[in-house]
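Structure assessment
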Amino acid sequence: MDDNPKTIAARTAAAINANAARTANVSSTAAASLPAPLPAPVPQNPDDGAKQEFYSGATHQFNFGTANSDKWLCAWSRWFNSKHPELAGDWNEMQTIRI
């Protein structure tokens, strides 16, 4: 992500509140003004279009390149047994890391 996910979430909430206030003050026959644009959504869980990869070790190093510096990585992790997927652990909370 280009911005800190917490900043994006705060901007999203502000835009939603502004849009709600704007529509509350407009009569049903009046033309509503354009809504405030929402920023890119912050992923809420690993199934929100996130890329999922399996690593067999406890640690892994990523190489994102200089083009991605100053961006944010949203990451989740969990224990997973490839021979017994039914024993997989729950996803942890989202971690944000600056690249």
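No experiment lies behind these values; they were computed from the predicted model shown.

**Side note on the environment of lysine 6**
Structurally, the position occupied by lysine 6 is in helix H1 (residues 5-24). Along the chain, lysine 6 and valine 42 lie 36 residues apart, while their C-alpha atoms are 8.3 Å from each other.

**Quick look at the environment of glutamine 95**
For glutamine 95, the position within the fold is in strand S2 (residues 95-98). Apart from residues lying up to four places away in sequence, glutamine 95 is in contact with Leu73, Cys74, Ala75 and Ser77.

**Brief notes about the pairing of strand S1 (residues 72-75)**
Burial along S1 is one-sided: Trp72 and Cys74 are buried, while Leu73 and Ala75, pointing the other way, are not. The sheet contact formed by S1 and S2 spans 4 bridges and is antiparallel. Looking at the pairing, tryptophan 72 lines up with arginine 98 of S2.

**A few points about the confidence of the model for the chain**
Averaged over all residues, the pLDDT of the chain equals 78, while 84% of them reach at least 70. Of all helices and strands in the chain, the one with the weakest mean pLDDT is H1 (79), whereas S2 scores best (85).

**Quick notes on the side chain of threonine 12**
On the secondary structure map, threonine 12 appears in helix H1. Polar contacts involving the side chain of threonine 12 include one to the main-chain carbonyl oxygen of isoleucine 8, which spans 2.8 Å.

**Describing the packing of aromatic side chains**
Per the stated rule, a full pass over the model turns up 3 aromatic pairs. Both rings, one in phenylalanine 54 and one in phenylalanine 80, keep their centres 5.9 Å apart while their planes meet at 75°; by these two values the pair is edge-to-face. Of this pair, phenylalanine 54 sits in the loop between H1 and S1 while phenylalanine 80 sits in the loop between S1 and S2, and the two are 26 residues apart along the sequence. A residue is classified by how much of its surface remains accessible, and phenylalanine 80, at 36% relative accessible area, is partly exposed. Taking 5.7 Å as the distance between ring centres and 15° as the angle between the ring planes, the aromatic pair formed by phenylalanine 62 and phenylalanine 64 counts as stacked. For phenylalanine 62, a relative accessible area of 44% gives the class partly exposed. With a relative accessible area of 34%, phenylalanine 64 lands in the partly exposed category. Among the aromatic residues, those joined into a ring-pair cluster are Tyr55, Phe62 and Phe64.

Definitions and limits used
- Residues numbered from 1 in each chain as written.
- Predicted model: local features only at pLDDT ≥ 70, side-chain atom pairs only at ≥ 80, totals over all residues.
- Heavy atoms only, no water.
- Helix = DSSP H or I, 4+ residues; strand = E, 2+ residues; numbered from the N terminus.
- Contact = heavy atoms within 4.5 Å.
- Buried < 20%, exposed > 50% of the residue type's maximum accessible area, 1.4 Å probe, protein only.
- Pairing = 2+ DSSP bridges.
- pLDDT = per-residue confidence, 0-100.
- Polar contact = N/O pair within 3.5 Å; in protein donor to acceptor, adjacent residues only side chain to side chain.
- Phe/Tyr/Trp six-rings, centres within 6.5 Å; stacked < 30°, edge-to-face > 60°.

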